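# Commentary on secondary and tertiary structure
If you want the building blocks of each chain, they are given just below.
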Amino acid sequence: DMNPVAKIAITGANMAAAALTSKGLGAAWKRVTGNEPPTIGPESEDTLRNVIVWTVITSVVGALVSVGIARAQRRFFS
């Protein structure tokens, strides 16, 4: 079983990766579209198409980052 320090380190790495991924994707979206990333809310003027595209992009990239961290974790802690 993994020691508590390793678990904390992995959790921290996942949180940092999620924050950096979100910032990077947001900046890329703004650079490409000229707008902030779409949101869903009562006063949102974003189109459903943009919301769906944003959701798919962030989900796919998030999954790839998670897989990368899991693979690195297996190599490092095995």
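Attention in this report is confined to the structure presented alongside it.

To continue, consider a nonpolar patch on the surface. Among the surface-exposed residues, Leu48, Ile52, Val56, Val60 and Leu64 lie close enough to one another that they form a single nonpolar patch of about 490 Å² accessible area. Relative to the helices and strands, Val60 is located in helix α2 (residues 48-77). Val60 sits in the partly exposed class, given a relative accessible area of 45%.

With that settled, the discussion passes to the pattern of salt bridges. Inspection of the entire model under this criterion finds one salt bridge. Glu36 is paired through a salt bridge with Lys30; the nearest N and O atoms lie 2.8 Å apart. On the basis of relative accessible area, Glu36 is assigned to the partly exposed category, the value being 48%.

Turning our attention to the packing of helix α1 (residues 4-33) against α2. In the contact formed by α1 and α2, the axes pass within 10 Å of each other and the chain directions differ by 150 degrees. Taken together, α1 and α2 sit at an angle that is classed as roughly antiparallel. The two elements α1 and α2 cross, and the hand of that crossing is right-handed. Residues Ala6, Ile10, Ala13, Asn14, Ala17, Thr21, Leu25, Gly26 and Trp29 of α1 lie in contact with α2, whose contacting residues are Asn50, Val53, Trp54, Ile57, Thr58, Val61, Val65, Ile69, Gln73 and Phe77. In terms of residue class, the contact of α1 with α2 is made up of 13 nonpolar, six polar and no charged.

Evaluated as defined, the whole model comprises one aromatic pair. Residues Trp29 and Trp54 carry aromatic rings whose centres are separated by 5.4 Å and whose planes lie at 75 degrees to one another, so their mutual orientation is edge-to-face. Of this pair, Trp29 sits in helix α1 while Trp54 sits in helix α2, and the two are 25 residues apart along the sequence. Note on Trp54: relative accessible area 15%, which makes it buried.

Take α1 next. The first and last C-alpha atoms of α1 sit 43 Å apart over 30 residues, in line with the 44 Å expected at 1.5 Å per residue. Here α1 has its buried residues at Ala6, Ile10, Ala17, Thr21, Leu25, Gly26 and Trp29. The secondary structure elements touched by the buried residues of α1 are α2. Following α1 by one or two positions, Gly34 adopts a phi angle in the positive range, close to 85 degrees.

Criteria and cut-off values
Residues numbered from 1 in each chain as written. Predicted model: local features only at pLDDT ≥ 70, side-chain atom pairs only at ≥ 80, totals over all residues. Heavy atoms only, no water. Patch = residues over 30% accessible without salt bridge, like charges linked within 9 Å, V, L, I, M, F, W, Y side chains within 5 Å. Areas by Shrake-Rupley, 256 points an atom, 1.4 Å probe, with all protein chains shown as cover. Salt bridge = Lys/Arg side-chain N within 4 Å of Asp/Glu carboxyl O. Helix = DSSP H or I, 4+ residues; strand = E, 2+ residues; numbered from the N terminus. Buried < 20%, exposed > 50% of the residue type's maximum accessible area, 1.4 Å probe, protein only. Axes fitted to C-alpha atoms, helices over the stretch in contact; angles between N-to-C directions. Parallel < 35°, antiparallel > 145°, perpendicular 65-115°, else oblique. Left-handed = near helix turned anticlockwise from the far one by under 90°. Contact = heavy atoms within 4.5 Å. Nonpolar A, V, L, I, M, F, W, Y, C, P; charged D, E, K, R; others polar. Phe/Tyr/Trp six-rings, centres within 6.5 Å; stacked < 30°, edge-to-face > 60°. Expected span 1.5 Å × (residues − 1).

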